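As a plain string of letters, each chain reads:
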Amino acid sequence: MINLLRVQFFRIKRAAYFWIMLALCAALPLLSVGVLYLSALALSVTGGVPADSVMSQLKSSDLTSAQLSGMAYLPSNSTIMAAICVAVLLCAEFRQHTVRNAVTAGVTARETGFAYLLTAMFVGTVYFLTEFVFTLTFFGIFFGFGNTAAGTATTQVLISFAGGMACTAFSVCLTCAFVLGTRRTSVAVTLPLVILALGIS
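Here the residue numbering is sequential within each chain, running from 1 through the sequence in written order. Restriction of local features to residues with pLDDT of at least 70 applies here, the model being predicted, together with a cutoff of 80 or more for giving and counting side-chain atom pairs; totals for whole chains, interfaces and linings are based on all residues. Hydrogen atoms and water are omitted, and side-chain values are computed over all heavy atoms in the structure.

## What about the environment of A197?
Counted only if it meets this: Numbered from the N terminus, helices here are DSSP runs of H or I no shorter than four residues, and strands are runs of E no shorter than two. For every residue, the accessible area obtained with a 1.4 Å probe (protein chains only) is divided by the maximum for its type, and the residue is called buried under 20%, exposed over 50%, and partly exposed between those limits.
Structurally, A197 can be placed in helix 9 (residues 185-199). Accessibility expressed as a relative area gives 37% for A197, which makes it partly exposed. Along the backbone, A197 and I80 are 117 residues apart, and their C-alpha atoms lie at a distance of 9.3 Å.

## So, the state of the cysteines
One way to say it: the disulfide is the covalent bond shared by the sulfur atoms of two cysteines. The following threshold applies: Defined by distance alone, a disulfide is two cysteine sulfur atoms within 2.5 Å.
In total, this model carries zero disulfides according to the counting rule given. Left without a disulfide partner, C25 is nearest to the cysteine sulfur of C85, which lies 9.5 Å away. On the basis of relative accessibility, which here comes to 1%, the residue C25 falls in the buried class.

## Considering the environment of G163
Following the sequence through the fold, G163 ends up in helix 8 (residues 150-182). Assessed through its relative accessible area of 19%, G163 is described here as buried. Between the C-alpha atoms of G163 and S69, which are 94 residues apart in sequence, the distance is 8.3 Å.

## Observations concerning the packing of helix 4 (residues 63-70) against helix 7 (residues 109-142)
Just so we agree on the cut-off: Here the axes come from fitting lines to C-alpha atoms, over the contacting stretch only for helices, and the angles between their N-to-C directions go from 0 to 180 degrees. Comment on the angle field: the value is read as roughly parallel under 35 degrees, roughly antiparallel over 145, roughly perpendicular from 65 to 115, and oblique elsewhere. Crossing chirality is assigned from the near helix's rotation relative to the far helix, an anticlockwise turn below a right angle marking it left-handed and a clockwise turn marking it right-handed. In this description, contact between two residues means that some pair of their heavy atoms is separated by no more than 4.5 Å. Amino acid classes used here: Ala, Val, Leu, Ile, Met, Phe, Trp, Tyr, Cys and Pro are nonpolar; Asp, Glu, Lys and Arg are charged; the rest, including Gly, are polar.
Across the interface, helix 4 lies against helix 7 with an axial gap of 9 Å and an inter-helix angle of 165°. If you check the angle between helix 4 and helix 7, you find them roughly antiparallel. By crossing handedness, the relation of helix 4 to helix 7 is classed as right-handed. Packed against helix 4, whose contacting residues are L63, T64, Q67 and L68, the element helix 7 presents F132, T135, L136, F139 and G140 at the interface. Class assignment for the residues of the contact of helix 4 with helix 7 results in five nonpolar, four polar and no charged.

## A word on the packing of aromatic side chains
Quick note on the threshold: Only centres within 6.5 Å qualify two rings of Phe, Tyr or Trp (six-membered ring in Trp) as a pair; their planes then separate them into stacked at under 30 degrees, edge-to-face at over 60, and tilted for everything else.
Applying the stated rule across the entire model yields eight aromatic pairs. Measuring from centroid to centroid gives 5.6 Å for F128 and F161, while their planes differ by 50°, and the two rings are tilted. Taken as a pair, F128 in helix 7 and F161 in helix 8 lie far apart in primary sequence, 33 residues in all. Three or more aromatic residues joined by ring pairs make a cluster, and in this case those are F18, W19 and Y127.

As structure tokens, then:
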């Protein structure tokens, strides 16, 4: 199983789509900050409201905690990225007969499934941590935590982190189930995303 994990991590490192989606997880929080700033400027121009007043209201509304709390629900950007990446990565294993070669080499079906689950959790965790850290950094720098006390803000961050990790685990486990059940990339990508979008949002 260790050798199978090594193969998985090597393929992750070489997969361009993994890095593209990772970059998106890092860029989307900054894009959100930019959209909020542009919206504030547009409001100040069209509504005659001073830009400083709009920004002051944004900073006092604790947008950072609200944005982090959104990551504790499904679907979030990182869970969507993880579901897509895991489905593409693991379905490729069946097309390239990696599973058959692993079984021939003496790896049991249980060990193979566990190795794929660990791989999926790794991808999901990396994506979630990237989005979480960049969201906390960018929103914290530009908007702060409003009038929220430090202890309360810390508690909110920890709760959001725990909820986000639970959502990530659910997302990648669901995707793994469809991958192992169908072995078709289109199904393993589409159905988990539909469930994530409609089931728990």
